[in-house]
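# Structural characterization, general
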Amino acid sequence: MKKTAILSLIILGYTALFLIFLGLSNLSEDSRLKARHGVLHLEKWNFAKQGNVQLNGEWTFYRNQLLTPKEIHSGSGKNPVFTKVPNNNIGDLSHQPRPDSGTYRLVIRTNHKQQIFGVKMPIIYTANKVYINGKLVGQSGRLDPAHFRPKTDAYIRYFPIRKGDNELIIQFANYKLINGWGIAKPVLLGTEQHISQMRAYSLLTGCLVIVPFFIMGLFYLGHYLQMRKQKVFLYFSVMSVSTGIMLATLDLEGILYIPFPWLPFWLHARLEGISTVLGSIMIIMVLAVSYKELTSRKIIRAVQYLGSILIIIDLISIKLATNYFLAFHGLLAVSVLIYATYIFILAVMRRMEGSGYLIICAFSLSISTLTAILNAYNAGQILALNAITAIGCILSLSLLMSQRFARAFHHTEASTQKLIRIDALKDEFIARTAHEFEKPLNGILSASQALLKSKEDRSVREEQDKIEAIIHMCYRLSDLVGDILDLEKISQGMMMLNKSLIDISSLINLELAFYTQAAEKKGVSIENNVAADLPHVWTDGNKFRKIINHLLDNAVKYTHQGKITIAAKLQKNDVEIIVADTGIGIPQAAHQAIFDPIQQADTHEKEGIGLGLSITKKLVELLGGKIWFHSVIGTGSVFHVTVPLLNQNKKTAGRSNRVAHTITDPISVEPLTTPYYSRQISAPTLLVVDDDPEDLKLLVTMLEKIPYNIIAVKNGKETLNVIAHKNPDLVVLDLVMPGMSGFDVCRKIREQYAMTSLPVLMLTAASTNIDKHYAFRSGANDILQKPYNFSEFSARIRGLLLMKNAVRQTTNIEVAFLQSQIRPHFLYDVLNSIIALSYVDVEECRKMIAQFAAYLRGSFDFQNTSEISSFKKELNLVRSYLAIETMRFRNRIQIVVDVDASLDFPFPPLMIQPLVENAIQHGLAYRKKGGQVTLAVHCENKYVIIQVMDDGIGMTDEQIQSALNKAHGHSVGLKSINDRLQQLYGTELLIKSAVGRGTTITLRIPVK
């Protein structure tokens, strides 16, 4: 059934009820006797049998005249008319001006005499006096205009009736205080006994209607004070009290004036309006709290705002509200009751708890409100129905509370039993967790003790196995703690997701690289059947890797022979990942508890506490997927996991999660043709690597605006090719790529370049401690997780470039400084040679002085502090040095220089001369017969090959490694030259040497 149809039926039902009650109210008026022309004949009325009589009919009425009996008898009354009594003039919409005051007169003819009768006065708007047979017998309020005091109070007065005519005169005054005026309800006449019984019955009915609401209000308030988080108790309490106050103010017997006789009329009127509105607001609040999923927030707010406005107007208004304004109060109350009934019916249709009782409550309250409004605004009245509906309302609320308390009790009892069971399982869980911690801790302790007992002269490399074992066990402990924390975060709903487009094939390849080695140690093979062309999925990469990690870890742990297979199937809306093994399997009895973090099977107790699968299940469900498995003991297990595919509606949001940037210009998503080269400017060159074309385009656009020279590629193969032919200053490398991962590419880079020569900044969408560990072990300088802030990203790039430049400048200054420090014995030897030649051969002496001067100029050249000089300058320095040494050693050494005289290109200073000096001083000087030094330079495949060869004493492999690893304090050593080659060109010194046969050192310099 549609909601509109339900609402329409409810409105029609309430309309029908209203018409029925209106008819009943009109039928309640006594039509057996009617006054005619101001006289009511009761000669034939048997009060003992027929009971009280309503003094209805035509009364004599003196408009705007307050007349006493004497004044009427003296003829002071003017323009008397006959008017209908009772007449509820509140609804009078005629254009005739309302009287400010007036006097009613009725003559009652009866055969009774010397018997006490009573007259029951209804509410008369808004102050009155009553005269019977010339005597003042009752008064409510004050009628004098100067001291006017309104009071709407019903009361009874007793008098001795006489045979014949009995005169009843009623004065009233209103002075336009409210729209109503005059006698609104029937005046009752009867014997003292009958009138007293009627009064008692009316008061009892009023108490039955009103008092239970106050009792329930206090009852709910007490519950709220004990359970302050349950706001619904407070709303029920205020609703009940407000309803009670509203019914008390509308009560026809003036029951409110019994405990509060001093209550002023203005407060009475405001209580009536405020209680009606406040009760309506509280009903809406109960709906908003109890049936949040069914209610409309707009309707809730509209009622709250409208009700608040009406209450404020009631509080601050000087004059009493008009009937038109009061009509809004009633309309609001009825509308809220209709809406509440509508919500309760929807709740019943959905079989929500307690909705049936609330329907009865709403229906009863609606009838009670409708009858109260009819009693207040219509001449007739329905009292018995009010009492019945009030009792129904209170009874339904009581039953609702009883149901909730019963449910709470049963829930508490069940929770207690569950907690007792969980407490026992918790103790078992803690014991098993302690056992799991004990294993790696004992391993760390054993390995550490073994290290302490090792020989003191053992190197770190020799103890590497023990150190790696300690690191592995520490990571195992870290993973265990991480699993426990993840389980707690998921249970508390605090696990945050960072969804984006993920290439699951690349991520699986990344994880397999770690587990393949572990599996091979056990003699188990891992087969990867995941297609490389699978579409991207919409998920959290970090959480997805944890899922694959746990599944593979579980498979490797419980598979002792055979193989592990991982595959993927493309479904309609997701990708299904399948991890199958030929392990020990899971017994059927353990299938129900396999995903429970505490209640687990004992089958694999020795293998660990088994948190992996429980966390996996929760992560899969958190990512919107499903997990299931089937397993046979002795055959193996197969686990299935689904991951949602990319929804096109989420694509935009997904892209924004990949990189947090500050660029406001629109970014084209057209893929770049790689390798991409930006326009050359005077700035560092960055090599950017990312397999995602949109991310790659975004990175290029951001970095070009800084600005940098950018080379962009999309995979590891292109990366290594560019590095082989170009000379970038920094590499920005994505971790997850098809084919070669970021780890593999970084390891290849480090085979040629040191960390200070070519910094690598690694980017990953899912950074874990393992990722960071392997990233730094593979040679990355830094790692940054996506999505990242662009300011942080650019700052890290600047920091790495500054580090590289600082190391380069330090190396250059160190080289220049050390070269400028001429060794004293070399200076001494050259000077002695010059002095000796001055006595023997002046011409030779002059040549040596010239070559020595050229050598000193080259050594002290300030350009040597620069990174790049020229090959010719370096060659001239070498020639000067060789000329000096040739003249010193004479025929003991032969120099061969095989260099094209026209060859010149940019070249770092002090790269060849130290090698030539090393060949002469350490290769030939220790041989009596001397030897030959050859310098050969030639071009080969875009490289300049520089070789320094000697046939001296040669070096052992240990001596070569020592020379490459130690910095010589007073000269430019091989280590400095090798470091600069790596920094500038990504090449290394190639040293070939044999003891007694000589040494060949080769430099490879790429040139354009």
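Residues numbered from 1 in each chain as written. Predicted model: local features only at pLDDT ≥ 70, side-chain atom pairs only at ≥ 80, totals over all residues. Heavy atoms only, no water.

The protein chain is annotated in an unreviewed UniProt entry as histidine kinase of Sporolactobacillus shoreicorticis. UniProt lists a comment for the protein chain under the heading Catalytic activity (unreviewed entry), and it reads "ATP + protein L-histidine = ADP + protein N-phospho-L-histidine." (UniProt positions renumbered as here; feature names shortened; annotations may be inferred.)

## What about the pairing of strand β18 (residues 574–581)?
The element β18 is extensively covered by neighbouring structure, given that six of its eight residues are classed as buried. Summarising the sheet, strand β17 (residues 563–570) and β18 pair through seven bridges and their orientation is antiparallel. In the strand pairing of β18, Ile564 is matched with Asp581. Where β18 meets strand β20 (residues 636–644), seven bridges bridge the pair, whose relative direction is antiparallel. Looking across to β20, one finds that Val579 is bridged to Phe639. (Buried < 20%, exposed > 50% of the residue type's maximum accessible area, 1.4 Å probe, protein only. Helix = DSSP H or I, 4+ residues; strand = E, 2+ residues; numbered from the N terminus. Pairing = 2+ DSSP bridges.)

## Remarks on the UniProt feature "modified residue: 4-aspartylphosphate" (unreviewed entry) in the protein chain
As recorded in UniProt, the feature "modified residue: 4-aspartylphosphate" (unreviewed entry) lies at Asp734. Within the secondary structure, Asp734 is located in strand β24 (residues 730–734). With near-sequence residues (within four places) excluded, Asp734 lies in contact with Val689, Asp690, Asp691, Gly742, Leu763, Thr764 and Lys786. (Contact = heavy atoms within 4.5 Å.)

## Some details on a nonpolar patch on the surface
Taken together, the side chains of Leu204, Leu208 and Ile391 present a nonpolar region at the surface, about 270 Å² in accessible area. Look at Leu204 and you get exposed, because its relative accessible area is 52%. (Patch = residues over 30% accessible without salt bridge, like charges linked within 9 Å, V, L, I, M, F, W, Y side chains within 5 Å. Areas by Shrake-Rupley, 256 points an atom, 1.4 Å probe, with all protein chains shown as cover. Salt bridge = Lys/Arg side-chain N within 4 Å of Asp/Glu carboxyl O.)

## A few points about the nonpolar core
Core analysis: the biggest nonpolar cluster contains 65 residues, and Ile577, Val731, Leu733 and Met762 have the highest contact counts within it. Once residues lying within four places of it in the same chain are set aside, the contact partners of Met762 are Leu733, Leu735, Gly742, Phe743, Cys746, Ala775, Ser778, Ala780, Asp782, Ile783 and Leu784. One finds Tyr14, Tyr220, Tyr235 and Met352 within the second-largest nonpolar core, a separate group that totals 61 residues. (Core = buried A, V, L, I, M, F, W, Y, C linked by side-chain atoms within 4.5 Å.)

## Brief notes about the environment of Lys717
Positionally, Lys717 belongs in helix α17 (residues 716–725). You can call Lys717 exposed: its relative accessible area is 69%. Taking the C-alpha atoms as reference points, Lys717 and Gly739, separated by 22 residues in sequence, lie 8.6 Å from one another.

## Looking at the packing of helix α4 (residues 192–226) against helix α5 (residues 231–250)
The N-to-C vectors of α4 and α5 enclose an angle of 160 degrees; their axes lie 7 Å apart at closest approach. One finds that α4 runs roughly antiparallel with respect to α5. Crossing angle aside, the handedness with which α4 passes α5 is left-handed. Contact with α4, carried on its side by Val209, Ile210, Phe213, Phe214, Met216, Gly217, Tyr220, Leu221, His223 and Tyr224, involves Lys231, Phe233, Leu234, Phe236, Ser237, Ser240, Val241, Thr243, Gly244, Ile245, Leu247 and Ala248 of α5 and no other residues of that element. (Axes fitted to C-alpha atoms, helices over the stretch in contact; angles between N-to-C directions. Parallel < 35°, antiparallel > 145°, perpendicular 65-115°, else oblique. Left-handed = near helix turned anticlockwise from the far one by under 90°.)

## Concerning the pattern of salt bridges
Applying the stated criterion across every chain yields a total of 11 salt bridges. With a shortest N-O distance of 3.4 Å, Lys543 and Asp540 are connected by a salt bridge. With a relative accessible area of 8%, Lys543 lands in the buried category. The class of Asp540 is buried, set by a relative accessible area of 3%. Put simply, Lys804 and Asp729 hold a salt bridge, and the shortest N to O gap is 3.5 Å.

## So, unusual backbone geometry
Cis geometry marks the peptide bond from Thr674 to Pro675; its omega dihedral reads -5 degrees. Looking at the secondary structure, you find Pro675 in the loop between α15 (651–658) and β21 (676–677). The amide bond that connects Ile706 to the next residue, Pro707, takes the cis arrangement and shows omega of 15 degrees. The topology assignment puts Pro707 in the loop between α16 (693–704) and β23 (709–713). Within the chain, Asn79 stands out as a residue other than glycine whose phi angle is a positive 50 degrees. Mapped onto the secondary structure, Asn79 falls in the loop between α3 (69–73) and β4 (81–85).

## Regarding the pairing of strand β33 (residues 998–1006)
Pairing of strand β31 (residues 943–950) with β33, which is carried by eight bridges, proceeds in the antiparallel orientation. Within β33, the residue paired with Ile946 across the bridge is Leu1003. In this sheet, β33 lies alongside strand β32 (residues 990–994) in antiparallel orientation, the contact comprising five bridges. Looking across to β33, one finds that Lys992 is bridged to Thr1000. What sits between β32 and β33 in their antiparallel hairpin is a turn of three residues, with Gly996 showing a positive phi close to 85 degrees.

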